[in-house]
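# Secondary and tertiary structure notes
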Amino acid sequence: MKKVAIVQSNYLPWKGYFDMIGAVDEFILYDDVQYTRRDWRNRNKLKTPQGLQWLTVPVKVKGRYLQTIKETEIDGDAWRDAHWKSLAHNYGKAKYYYDIATLIEPILLHGKQTLLSDLNSDLLKAICGYLGITTSIRQASEFVLQEGKSERLLGVCLATGATTYVSGPAAQDYLDQSLFADAGVAVEWFEYSGYPVYPQLWGEFEHSVSILDLLFNCGHESPLYMQHLNKPTIATPKQDLE
């Protein structure tokens, strides 16, 4: 039995994205598809004292209406310092700020990536390593992709030897499940509900923020607030015996 998920890369995605990675045997970054503006590819949200704030990586889009995600270029490097200062300002007092800042600083602040897909992939793998996620991560460009939305996805599943394709619920609107059934590949819809709240800064709890919010606040205990990751062993204080 082998579970595979195929998802477009996002910039510092939320905890559900990493939960899906942890729930499958192989995760394919689907960056051979068209880049979509005002989407999660190049931005995500932070929690701040003033409410939610977008962190957006500027990309070159003028005249490039049909470019794929993997072809999308980052527009300069000035955003790196701005993002870093925003993280420090809003999470500097979080319990695990230093640990997580040390993890992502080489990639986010000092990285030399010129393509959005490379930036997203580098951050993704670093965070997966911290969370103990050992799922194999590959690029869709490694495969011969076929025509048709469902056909493309099924082709990748067959090429990886998948017996189950794990998909986000939004794909129910277009995925041809009969195509998968005929090929002997089961379709499983990933469930994003039921996440517990965790210690979070700045007012009312928000689930739909970047994974960094969870990591800065909970550090190595972050898997406790996710569903498909191995839970860490938390030591309990020993009591003195009389």
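See the structure shown above.
Overview of the structure. As the structure is a prediction and not an experimental result, all values here were calculated from the model. (Residues numbered from 1 in each chain as written. Predicted model: local features only at pLDDT ≥ 70, side-chain atom pairs only at ≥ 80, totals over all residues. Heavy atoms only, no water.)

A word on the packing of aromatic side chains. Inspection of every chain in the model, using the stated rule, returns 12 aromatic pairs. Between Y165 and F180, the ring centres sit 5.3 Å apart and the planes meet at 20°, which makes this aromatic pair stacked. One end of the pair, Y165, is in strand β6 (residues 164-167); the other, F180, is in helix α6 (residues 177-182), with 15 residues separating them in the sequence. F180 carries the same exposure label as Y165, and that label is buried. (Phe/Tyr/Trp six-rings, centres within 6.5 Å; stacked < 30°, edge-to-face > 60°. Helix = DSSP H or I, 4+ residues; strand = E, 2+ residues; numbered from the N terminus. Buried < 20%, exposed > 50% of the residue type's maximum accessible area, 1.4 Å probe, protein only.)

As judged from the 4 bridges shared by β6 and strand β7 (residues 186-189), these two strands associate in the parallel manner. Bridge pairing links S167 to W189 in β7. For the crossover from β6 across α6 to β7, the handedness is right-handed. (Pairing = 2+ DSSP bridges. Right-handed = clockwise from strand over helix to strand, strands pointing away.)

Before going further, it helps to examine the nonpolar core. Core analysis: the largest hydrophobic core is formed by 71 residues, its most contacted members being I6, Y11, F18, F27, L87 and L212. Sorting elements by how many residues they give to this core places helix α4 (residues 116-131) first, with 8 residues. In contact with F18, not counting residues within four places along its chain, are P13, L124, I127, C128, L131, I133, I211, M226 and L229. (Core = buried A, V, L, I, M, F, W, Y, C linked by side-chain atoms within 4.5 Å. Contact = heavy atoms within 4.5 Å.)

On to the pairing of strand β3 (residues 43-48). Working note: regular strand, side chains alternate between the two faces of the sheet. Of all 6 residues in β3, 6 are buried; the element is thus mostly enclosed. Burial along β3 is two-sided: R43, K45 and K47 facing one way and N44, L46 and T48 facing the other are all buried. Relative to strand β4 (residues 51-56), β3 runs antiparallel, the two sharing 6 bridges. Residue pairing across strands places K47 opposite L52, the latter belonging to β4.

Reading across from one edge, β5-β2-β1-β6-β7 is the order of the 5 strands in this open sheet, with parallel pairing throughout. Either end of the sheet is taken by a strand with one partner, and the two such strands are β5 (136-139) and β7. The mean angle between the axes of side-by-side strands here comes to 25°, regardless of whether they run parallel or antiparallel. Along the sheet face, α4 touches β2 (26-29) and β5 and points at about 175° away from the line of β5. Helix α5 (residues 149-160) rests against β1 (3-7), β2, β5 and β6 of the sheet, and its axis sits at about 140° to β1. (Axes fitted to C-alpha atoms, helices over the stretch in contact; angles between N-to-C directions.)

In this structure, T68 sits in the loop between β4 and α2 (78-91). The class of T68 is buried, set by a relative accessible area of 13%. When residues no more than four places from it in sequence are discounted, the contact partners of T68 are D31, D32, V33, Q34 and Y35.

Relative to the 20 Å expected for 14 residues at 1.5 Å per residue, α2 spans 21 Å between its end C-alpha atoms, a close match to the ideal helical length. When α2 is considered as a whole, its buried residues turn out to be W79, R80, H83, W84, S86, L87, N90 and Y91. Projected onto a plane normal to the axis of α2, the buried residues spread over an arc of 160° and lie on a single side. Of the exposed residues in α2, those oriented more than 90 degrees away from the buried face are A78, K85 and H89. Considering only its buried residues, α2 is in contact with β3, β4, α3 (97-108), α4 and α7 (211-218). (Expected span 1.5 Å × (residues − 1). Arc of directions from axis to C-beta.)

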